[in-house]
Amino acid sequence: MSVRFDLLIRNAEVIDGTGAPRFSADIGIRADRIERIGHLAHASGSLEIDLGGRVAAPGFIDVQPHDDRLLLSDRSMAPKVSQGVTTVVAKLLMITQPHKAYFGQKDYQQQLVVRRMVRDLNIPVEIVTCPIIRESDGLAMSSRNRYLSAEERQTAIALSGALRLAERLCSQSGAVPSVVEQQMQQMLLQTPGLVLQYAVLADPETLQPLPERVPSGTSCVALIAARVGTTRLIDNLLLVFG
């Protein structure tokens with residue numbers, strides 16, 4: 001008898017270290033017939049695989065960046081890391097063969113690359129993107145938030161503030177993407193204690209830059225990466241032009 005189950009993948013990232021790069025992910029399994037698979041239905045834990053520092057070696061997924069502004073400047077999805085993460089995820093999906101795999105929207109570039117990989121390799125799994133969960137003050141929930149001091153946490157709220165600004169500007173008739181980007185960047189650059197990496201609007205499927213003029217109803221994603229103290233934070237918001 002076949003058993004339907006879903007796979008939850010969180011925090012798939014590179015592990016810092018002086019040796020060969022390793023990649024880890026928190027794994028959770030949810031089944032619709034717990035009695036049929038016993039302890040596996042409740043299984044959760046972490047997966048850690050040593051990739052030996054190889055890039056584009058035989059057996060690795062070849063990842064072509066959607067947009068150099070976002071993938072190559074984003075250490076969590078740089079080519080070397082991206083190949084490692086997608087290779088690990090591809091092997092995990094093929095071994096476990098879940099019906100659905102869940103990824104968080106906060107790592108927007110990552111879930112998009114995985115979604116494209118599943119489509120290109122014809123892996124029979126539905127990739128579900130889970131919405132960002134936010135604190136009451138708007139800060140996107142993240143395990144990295146624990147590294148922020150009380151003062152830095154107040155500074156970090158600027159990321160969600162810039163996204164809300166972009167949302168307001170995009171909702172206005174005749175909004176120009178480049179002007180919205182400039183307003184986001186200006187707000188963040190003027191925030192003391194915050195070092196901006198990027199704040200851009202992009203096509204939500206390809207991550208390509210938007211044209212200078214877009215018709216009403218055009219969808220986009222606003223993406224931000226910044227460093228507050230020693231902590232690198234990311235956030236994003238799906239938007240529609242008015």
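The preceding data block contains the structure.
Residues numbered from 1 in each chain as written. Predicted model: local features only at pLDDT ≥ 70, side-chain atom pairs only at ≥ 80, totals over all residues. Heavy atoms only, no water.

Another point: the environment of A225. Topologically, A225 is positioned in strand 7 (residues 219-228). For A225, a relative accessible area of 0% gives the class buried. Note: C-alpha distance between A225 and L196 (29 residues apart in sequence) is 6.5 Å. With near-sequence residues (within four places) excluded, A225 lies in contact with L196, Q197, Y198, R232, L233 and I234. (Helix = DSSP H or I, 4+ residues; strand = E, 2+ residues; numbered from the N terminus. Buried < 20%, exposed > 50% of the residue type's maximum accessible area, 1.4 Å probe, protein only. Contact = heavy atoms within 4.5 Å.)

As a further point, take empty space enclosed by the protein. Inspection of the entire model under this criterion finds two cavities of 30 Å³ or more. Of the pockets and cavities examined, the largest cavity occupies roughly 70 Å³. Lining of the largest cavity is provided by K106, L139, A140, S142, R144, N145, L159, R232, L233, I234 and D235. Here the element with the most residues in the lining of the largest cavity is strand 8 (residues 231-240); it accounts for four residues. For the lining of the largest cavity, the class distribution of residues is five nonpolar, two polar and four charged. (1 Å grid on protein atoms, 1.4 Å probe; cavity = no way out; pocket = protein on both sides within 12 Å on 5 of 7 lines; lining within 4 Å. Points joined across faces, edges and corners; volume = space filled by probe spheres on them. Nonpolar A, V, L, I, M, F, W, Y, C, P; charged D, E, K, R; others polar.)

So, on to the packing of helix 5 (residues 150-170) against helix 6 (residues 177-189). Two numbers describe how helix 5 lies on helix 6: the axes approach to 9 Å, and their chain directions differ by 155°. Between helix 5 and helix 6, the interaxial angle falls into the category roughly antiparallel. Relative to helix 6, helix 5 is oriented so that their crossing is right-handed. Residues A158, L159, G161, A162, L163, L165, A166, L169 and C170 of helix 5 form the contact with helix 6, whose own contacting residues are V180, Q183, M184, M187 and L188. Residue classes in the contact of helix 5 with helix 6 are distributed as twelve nonpolar, two polar and no charged. (Axes fitted to C-alpha atoms, helices over the stretch in contact; angles between N-to-C directions. Parallel < 35°, antiparallel > 145°, perpendicular 65-115°, else oblique. Left-handed = near helix turned anticlockwise from the far one by under 90°.)

Our next topic: the sheet that holds strand 7. The strands making up a sheet associate through backbone hydrogen bonding, with each pair oriented either parallel or antiparallel. Pairing is antiparallel across the open sheet formed by three strands, whose spatial order is 6-7-8. Strands at the two margins of the open sheet, each flanked by one partner only, are strand 6 (194-202) and strand 8. Going from strand to strand, the sheet's axes swing by 10° on average, the running direction of each strand aside. As paired elements, strand 7 and strand 8 share ten bridges and run antiparallel to each other. Looking at strand 8, one finds that A222 is bridged to L237. On the sheet, helix 4 (residues 108-120) packs against strand 6, strand 7 and strand 8 and is oriented at approximately 130° with respect to strand 7. Sheet strands touched by helix 6: strand 6 and strand 7. Its angle to strand 6, the strand with the most contacts, is close to 165°. (Pairing = 2+ DSSP bridges.)

For helix 4, which comprises 13 residues, the first-to-last C-alpha distance of 18 Å matches the rise-based estimate of 18 Å (1.5 Å per residue) to within 8%. What helix 4 keeps buried is the set Y108, Q109, Q110, Q111, L112, V113, V114, M117 and V118. Once helix 4 ends, the next one or two residues include N122, with phi positive near 55°. (Expected span 1.5 Å × (residues − 1).)

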